[in-house]
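Each chain, written out:
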Amino acid sequence: VCQIGRYFFFFQAEDGIRDFCLSRGLGDVYKRQEQGIAAFGIGIASVGATAIAEIQFADYIYPAFDQLVNEAAKYRYRSGNQFSVGGLTVRAPYGAVGHGGHYHSQSPEAFFSHAPGLKVVIPRDCIQAKGLLLASIRDKNPVIFLEPKALYRNAEDEVPTEDYELALHKAEVVQEGKDITLIGYGTQIRVLKEAAKEAEQDGIKCEIIDLQTIYPYDIETLVESVKKTGRCIVSHEAPVTMGVGAEISAALQEKCFLYLEAPITRVCGYDTPFPLAHELVYLPDKWKVYDAIQKTVNY
């Protein structure tokens with residue numbers, strides 16, 4: 001196992017794996033070069049090693065975009081399944097953190113979700129982070145593992161010490177309900193829970209689903225829920241246009257059209273760069289979700 005980017009312990013979330021970091025000065029060479037970090041990870045994964053490439057902030061993963069979508073994603077396909085870089089996992093903190101502004105708050109998951117050959121995984125909390133990360137590292141496909149920055153500072157749970165994995169291709173029904181389905185991922189699940197609690201006071205029972213794996217996502221679980229409730233809201237921090245919510249809304253409309261009691265609604269970030277001074281205005285908070293619940297249920 002090789003961890004690439006050993007100087008990137010910005011959030012102090014990797015202390016237990018320092019012994020696996022690059023040696024012989026390679027950490028110094030690649031410590032601030034995202035393209036080099038990704039390229040080196042692809043290289044050592046191509047010869048059978050398990051590579052964990054860490055990008056300090058997902059906002060700065062773009063210099064490595066060509067390496068990830070043109071090399072890692074296509075390596076097995078272009079070799080006719082003779083070679084692969086399935087041992088590669090790319091970790092990167094993403095999303096709002098409370099004071100990050102436009103260079104430390106971005107959500108790039110939709111970019112990578114459009115690259116067949118990659119998997120995109122986002123945990124919502126501590127237990128999911130461990131189980132999904134172990135599953136991603138052991139999966140035989142390159143995985144982009146995006147870790148919500150907020151979890152580093154405000155997440156606490158009794159995480160099992162033993163080895164365990166969570167299924168990468170299975171969404172989790174976090175809360176069951178009968179009136180409307182709320183779909184999200186990452187820390188947005190907390191927002192959906194808060195909105196569902198407000199809606200419950202109005203007699204509305206919300207079903208909440210955590211995607212966990214953004215691509216390829218578990219459409220079967222989503223369809224089963226929406227056919228039951230007849231209503232759906234998809235929510236994420238990333239901009240609304242061309243986002244993950246757009247794909248899910250389209251797929252559910254195709255598969256659940258005759259079951260829908262109202263249009264599928266998206267509650268997401270705005271189509272602007274992430275603003276520092278107006279972060280609270282930009283984020284899809286519980287009141288925006290609650291308002292969408294009311295409008296959808298009463299459509």
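See above for the structure.
Quick caveat: nothing in here was measured; it's all calculated off a predicted structure.

## Thoughts on the overall build of the chain
- Within the chain, the regular secondary structure consists of 12 helices and 11 strands.
- The proportion of buried residues among the 299 residues of the chain is 53%.
- In the chain, 78% of the contacts between residues at least 6 apart in sequence involve partners at least 24 apart.
- For the chain, the accessible area works out to roughly 14,100 Å², and carbon and sulfur atoms hold 53% of it.

## Some thoughts on the packing of helix α2 (residues 34-45) against helix α3 (residues 65-72)
- The contact between α2 and α3 brings their axes to 8 Å, and the two run at 25°. Taken together, α2 and α3 sit at an angle that is classed as roughly parallel. Each of Q35, A38, A39 and I42 in α2 lies in contact with α3, whose residues at this interface are Q67, L68, E71 and A72.
- Its residues placed into classes, the contact of α2 with α3 shows five nonpolar, two polar and one charged.

## Things to note about the pairing of strand β7 (residues 180-184)
- Where burial is concerned, most of β7 is hidden: five out of the five residues are buried.
- Burial along β7 is two-sided: the face carrying I180, L182 and G184 and the face carrying T181 and I183 are both buried.
- Relative to strand β8 (residues 206-210), β7 runs parallel, the two being bridged by five bridges. Bridge assignment links L182 to a residue of β8, and that residue is I208.
- Between the parallel pair β7 and β8, the chain is carried across by helix α8 (residues 188-200), and the sense of this crossover is right-handed.

## A closer look at the nonpolar core
- Of all hydrophobic cores here, the largest spans 48 residues; its most connected members are I183, L211, L222, I248 and L252.
- Mapped by element, the contributors of at least two residues to this core are α2, β2 (51-54), α3, β3 (88-94), β5 (143-148), α9 (219-229), β10 (232-239) and α10 (244-256).
- Top contributing element to this core by residue count: α2, with six residues.
- Apart from residues no more than four positions distant in its own chain, I183 is found in contact with L192, I209, L211, L222, C232, I233, V234, S235, I248 and L252.
- If you look at the next biggest cluster of nonpolar residues, it comprises 16 residues, including I180, V191, A196 and I208.

## Focus: the packing of α8 against helix α12 (residues 286-297)
- At their nearest, the axes of α8 and α12 sit 8 Å apart, and the two run at 50° to each other. The angle between α8 and α12 falls in the class oblique. The two elements α8 and α12 cross, and the hand of that crossing is right-handed. Contacts between α8 and α12 involve Q188, V191, L192, E194, A195, E198 and A199 from the first element and K286, W287, V289, Y290 and I293 from the second.
- Taken together, the residues that form the contact of α8 with α12 break down as eight nonpolar, one polar and three charged.

Definitions and limits used
- Residues numbered from 1 in each chain as written.
- Predicted model: local features only at pLDDT ≥ 70, side-chain atom pairs only at ≥ 80, totals over all residues.
- Heavy atoms only, no water.
- Helix = DSSP H or I, 4+ residues; strand = E, 2+ residues; numbered from the N terminus.
- Buried < 20%, exposed > 50% of the residue type's maximum accessible area, 1.4 Å probe, protein only.
- Contact = heavy atoms within 4.5 Å.
- Areas by Shrake-Rupley, 256 points an atom, 1.4 Å probe, with all protein chains shown as cover.
- Axes fitted to C-alpha atoms, helices over the stretch in contact; angles between N-to-C directions.
- Parallel < 35°, antiparallel > 145°, perpendicular 65-115°, else oblique.
- Nonpolar A, V, L, I, M, F, W, Y, C, P; charged D, E, K, R; others polar.
- Pairing = 2+ DSSP bridges.
- Right-handed = clockwise from strand over helix to strand, strands pointing away.
- Core = buried A, V, L, I, M, F, W, Y, C linked by side-chain atoms within 4.5 Å.
- Left-handed = near helix turned anticlockwise from the far one by under 90°.

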